[in-house]
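# Examination of the molecular architecture
So you can see what is in the structure, the chains are spelled out below.
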Amino acid sequence: MQEHKPSRAHLALTGNIRILALESFLSQISAKMLGVVWQPFVLSLGASMAVLGGLESIRSLTSALIQPILGWAADKVGRKPFIVLGSFLTVIAFSLCVIASTWHFLIPAILLLGASALSGPARQSLLAESVAPGERATAYSVVSFPAALTGFFAPLAGGFLATHYGFKSVFYVSIVTVAVSSVLIVLFLRETFDKGNFGIAGEDVKGALKGVLKPESGLERFYAAMALNAFSVGMLVSILYGMLTKTFGFTPYQLGVMGTLFWMAIAVSQIPAGKLADRYGRKTILVVSGVLFIVLCFGWLLSRSFEAFALLHILAGVSVAPWGPAASALLADSVPLENRAEAMGKFACFTGLIASPAPYVGGILYELFGFYGPVVATLLLKVLTLLIIIQLNLPQVSEPAGG
């Protein structure tokens, strides 16, 4: 049964929006801490940059492969069970990282972290169904905002813990925060999808996988742009802190400072970005985001010092903040309710499969050309992505005003 849709004035204070925002805050504490120490942690276990990129590629590939069938399942039995399952897998993965002694022992953890992405289509669909269609980009931003707030302290905390108490202390804290957020979801999140006569029984699972790599009708250019963007960003961002560690010798604490500035910039611009996407159009905001990221790449090419990279992380946050809400709302606007989670899962699979080799490619480019190899490659592909976005013309699905 559909949840009552809140008015715009109370969007951040009602029902599922409130629970998802709180869950996002708690779970993202671990994500932000690990975001700045994960790559140095892997390198500390004896991995090369190519190995680091390869592990990230495994996670990306696993995530891509698992989402279509679980997105389809979320359209049959509901959204909430898969959100809970994703958190459980994350806790198990972090526990495995605590006992890892070499990078080889991280492979099972990487597979589980990739599999935890199965919650993505369900979460995105549940959020889209908890508000009116015209408020979706704002809703995505509202839920992302508390996650961005964790960037004010979590990256710095992660860097501090890793520097003074070792990398694994970060995983202990992460296990606790994800576990608490899981309890909130189990107890308070309300299901939005009334499965009615739907159900997995009697369904042919193979049918859910048929055409998984075929874009939804009318969304071919959107798929192409998002996949290309994911590949280009994956080549660089997925190994950036490892590159900064090896090239410039930055410490985990310095990486924490950069991460804090990055997420502070996102926190400030997240909700305004979503409102701008609702007001001026998703495509316009995607173009602005793309242009800012291109400027950012030029900045990285010209920088040498910690101070320069720290300041550029502010620009990085501003450029990234609009992308997710605008892209998610654009996709939700373009597919019907009855197969929205499946479509989001297929989309995640398509983009994930295309992007999965990107971290490994980035690692190879680093080994061959140093820091500038992945940056230049990302810059060129970002320009191509922007050209495709400019030509987008997507279908719109008609829905009742209440969603």
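Structure shown above.
A brief structural summary. (Residues numbered from 1 in each chain as written. Predicted model: local features only at pLDDT ≥ 70, side-chain atom pairs only at ≥ 80, totals over all residues. Heavy atoms only, no water.)

### Let's talk about the packing of aromatic side chains
Under the convention used in this document: Any two rings among Phe, Tyr and Trp, with Trp reduced to its six-membered ring, count as a pair given centres within 6.5 Å; such a pair is stacked if its planes are under 30 degrees apart, edge-to-face if over 60, and tilted if neither. Secondary structure follows DSSP: runs of H or I at least 4 residues long count as helices, runs of E at least 2 residues long count as strands, and numbering of each begins at the N terminus. Burial status follows relative accessibility: with a 1.4 Å probe on protein chains alone, a residue under 20% of its type maximum counts as buried, one over 50% as exposed, and anything between as partly exposed. Criterion for a charge above a ring: Arg CZ or Lys NZ at most 6 Å from the ring centre, at most 35 degrees from the ring normal.
Scanning the entire structure with this criterion turns up 17 aromatic pairs. An angle of 55° between the planes, with centres 6.2 Å apart, marks the rings of F25 and F153 as tilted. Residue F25 is found in helix α1 (residues 15–44), and its partner F153 is found in the loop between α6 (136–149) and α7 (154–165); the two are separated by 128 residues along the sequence. Judged by relative accessible area, F25 falls into the partly exposed class, the value being 26%. Here F153 falls in the partly exposed class, since its relative accessible area comes to 38%. Among the aromatic residues, those joined into a cluster by ring pairs are F248, F250, F306, F309, F371 and Y372. Its end group placed over the ring of W263, K32 keeps NZ or CZ at 3.8 Å from the ring centre. Above the ring of W38, the side-chain terminus of R59 is found at 5.6 Å from the ring centroid.

### Observations concerning a nonpolar patch on the surface
Which entries qualify depends on this criterion: Patches in this entry comprise residues that are over 30% relatively accessible and not in a salt bridge; like charges within 9 Å are linked, as are nonpolar side chains (Val, Leu, Ile, Met, Phe, Trp, Tyr) within 5 Å. Computed with a 1.4 Å probe, the accessible areas rest on the Shrake-Rupley method; for each residue, only the protein chains presented here act as cover. When a carboxyl oxygen of Asp or Glu lies within 4 Å of a side-chain nitrogen of Lys or Arg, that pair is called a salt bridge.
Taken together, L149, F152, F153, M264 and V268 make up a surface patch of nonpolar side chains, about 410 Å² in accessible area. By secondary structure assignment, the location of L149 is in helix α6.

### Side note on the nonpolar core
As a reminder of what qualifies: We call a set of buried residues a nonpolar core when its members are Ala, Val, Leu, Ile, Met, Phe, Trp, Tyr or Cys and they connect through side-chain atoms within 4.5 Å of each other. Should any heavy atoms of two residues lie within 4.5 Å, those residues are considered in contact.
Core analysis: the largest hydrophobic core is formed by 63 residues, its most contacted members being L244, M258 and W300. Sorting elements by how many residues they give to this core places α1 first, with nine residues. Look past the residues within four positions of L244 in its chain and what remains in contact with it is G249, F250, L255, M258, F309 and F371.

### Description of the side chain of S289
For S289, the position within the fold is in helix α13 (residues 282–302). When its relative accessible area of 2% is taken as the criterion, S289 is described as buried. Non-local contacts of S289, meaning those with residues more than four positions away in its chain, are made with S319, P322 and W323.

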